[in-house]
Amino acid sequence: MTLTYATYLQLPELLELQRPRSTPPEHDEMLFIVIHQTYELWFKLLLHEADKVQRDFSANDLYGAIATWKRLRTIFKTLVGQLDILETMTPLSFASFRERLDTASGFQSFQFRELEFAFGYKRIQATGSVPEQEGRRELVERRLTQRSVVDHFYDFLRQRGVRVPSELFTKPVTLPTQANEALQEELLRVYHEQPELVILFELMTDFDEGFQEWRYRHIKLVERTIGAKRGTGGSAGVEFLKQSLWKPLFPDLWAIRHRM
Ligand code: HEM
């Protein structure tokens, strides 16, 4: 059989997967489902690219890494922009089908947790947010116990003659990335001496900014849609989400800016 657009993309199957639960159907539930599914597809691609950038770093491939970070940061900026679409849904409209979500929540997104861990934002307790029954928790645990993109970044820097403090290679991989003053001194030097690496650092900073923007915009979306209500995932809602605000993925790249 000739391959067609629909068969290659498995469109019949894909377009069967949007199943609103409200009866009679609430118009905006379709938007809610489509936007979350879209996010999950982008998360899938981000993880795919994260694996690539780790390989680029370990292979000392600067241009490969630059190309991948360009893609990563562009996807994240797009993710932030897509929240505008969901903000066309009013609080009343969301309230009309919210109870159908039961305890389902983005909090349980195993791919989002994988993303956080892949980029070094490791929180052991957050693995528990992924329901065990779906058999996906092991994916999250695997990311937790694997070296992160930041660990591979240290490998890369070392190959480029940057003196990366040895304790950064021996710390337990399950710990989150920590700012390191000795590394910051080195990065500052690189900013003055190796302009090709500056391109990379700025792209990584773009990505980090995108991640933080997403958290902020998601909180504002939640605030305008449910206010001070508790989350369907069982957390305090906005107050819980605020705990991750302004926490950079690459703290050392932010810490040196006032010294330039
Ligand atoms: C009307 C729209 C939305 C509302 C009211 C909402 C609400 C919430 C709330 C209250 C939480 C905290 C956990 C809980 O107790 O449930 C949460 C977490 C989360 N939501 Fe949303 N959300 C919305 C849209 C989205 C979208 C479009 C995404 C995209 C995937 C998303 C992804 C997440 C993620 C990943 C978390 C976990 C964040 C973390 O642990 O730091 N949410 N959401």
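The model shown is predicted, which means the values in this text are computed figures rather than measured ones.

Peer 1: Would you take a moment to explain the nonpolar core for this structure?
Peer 2: In this structure, W69, F119, L200, F201 and F207 are the most contacted members of the largest nonpolar core, which totals 62 residues. Listing elements by their share of this core, those giving two or more residues are α3 (29-58), α4 (62-86), α6 (110-118), α8 (149-159), α10 (181-193) and α11 (195-226). Per-element accounting of this core gives the leading share, 13 residues, to α11. The contact partners of L200, leaving out residues within four places of it in the chain, are F57, L62, A65, I66, W69, F153 and F156.

Peer 1: What is the right way to look at the site of the ligand in this model?
Peer 2: S105, R113, H218, G233 and S235 are the nearest of the 28 residues found near the ligand. Note that an oxygen atom of the ligand is positioned 3.2 Å from one of the side-chain N or O atoms of R123. Between the ligand and G234 there is a distance of 3.4 Å, counted from an oxygen atom to a backbone nitrogen or oxygen. Elements supplying a minimum of two residues to the shell around the ligand: α3, α6, α11 and α12 (238-241). In terms of residue count, the dominant contributor to the shell around the ligand is α11 (seven residues). For the shell around the ligand, the class distribution of residues is 14 nonpolar, 11 polar and three charged.

Peer 1: Help me out: how do you make sense of the pattern of salt bridges in this one?
Peer 2: Between side chains of opposite charge, a pair can form when the charged atoms approach closely. Using the criterion set out here, one finds 22 salt bridges in the structure. Put simply, R137 and E132 hold a salt bridge, and the shortest N to O gap is 3.5 Å. Note that D155 and R147 form a salt bridge whose closest N and O atoms lie 2.9 Å from each other. Classification of R147 as partly exposed rests on a relative accessible area of 34%. Several salt bridges converge on common partners, so that one network encompasses D84, E87, R217 and R224.

Peer 1: I would appreciate a short explanation of the packing of aromatic side chains in the present structure.
Peer 2: Summed over the entire model, instances satisfying the criterion amount to 23 aromatic pairs. Ring geometry for F112 and W214: centres 5.4 Å apart, planes at 40°, overall tilted. Within this pair, whereas F112 is found in helix α6, its partner W214 is found in helix α11, the two being separated by 102 residues in sequence. An identical accessibility class is assigned to F112 and W214; each is buried. On the numbers, 5.8 Å between centres and 25° between planes, the contact of Y216 with W246 is stacked.

Peer 1: Help me out: how do you make sense of the side chain of S235 in this one?
Peer 2: Here S235 is to be found in the loop between α11 and α12. A polar contact is formed between the side chain of S235 and the backbone nitrogen of G237, at a distance of 2.9 Å. In this view, S235 contacts R230 and F240; residues no more than four positions away in its chain are not counted.

Peer 1: What exactly am I supposed to notice about the environment of G231 here?
Peer 2: Relative to the assigned elements, G231 resides in the loop between α11 and α12. Judged by relative accessible area, which is 22%, G231 ranks as partly exposed. A sequence separation of 110 residues divides G231 from Y121, and the C-alpha atoms of the two residues are 22 Å apart.

Definitions and limits used
- Residues numbered from 1 in each chain as written.
- Predicted model: local features only at pLDDT ≥ 70, side-chain atom pairs only at ≥ 80, totals over all residues.
- Heavy atoms only, no water.
- Core = buried A, V, L, I, M, F, W, Y, C linked by side-chain atoms within 4.5 Å.
- Buried < 20%, exposed > 50% of the residue type's maximum accessible area, 1.4 Å probe, protein only.
- Helix = DSSP H or I, 4+ residues; strand = E, 2+ residues; numbered from the N terminus.
- Contact = heavy atoms within 4.5 Å.
- Near = heavy atom within 4 Å.
- Polar contact = N/O pair within 3.5 Å; in protein donor to acceptor, adjacent residues only side chain to side chain.
- Nonpolar A, V, L, I, M, F, W, Y, C, P; charged D, E, K, R; others polar.
- Salt bridge = Lys/Arg side-chain N within 4 Å of Asp/Glu carboxyl O.
- Phe/Tyr/Trp six-rings, centres within 6.5 Å; stacked < 30°, edge-to-face > 60°.

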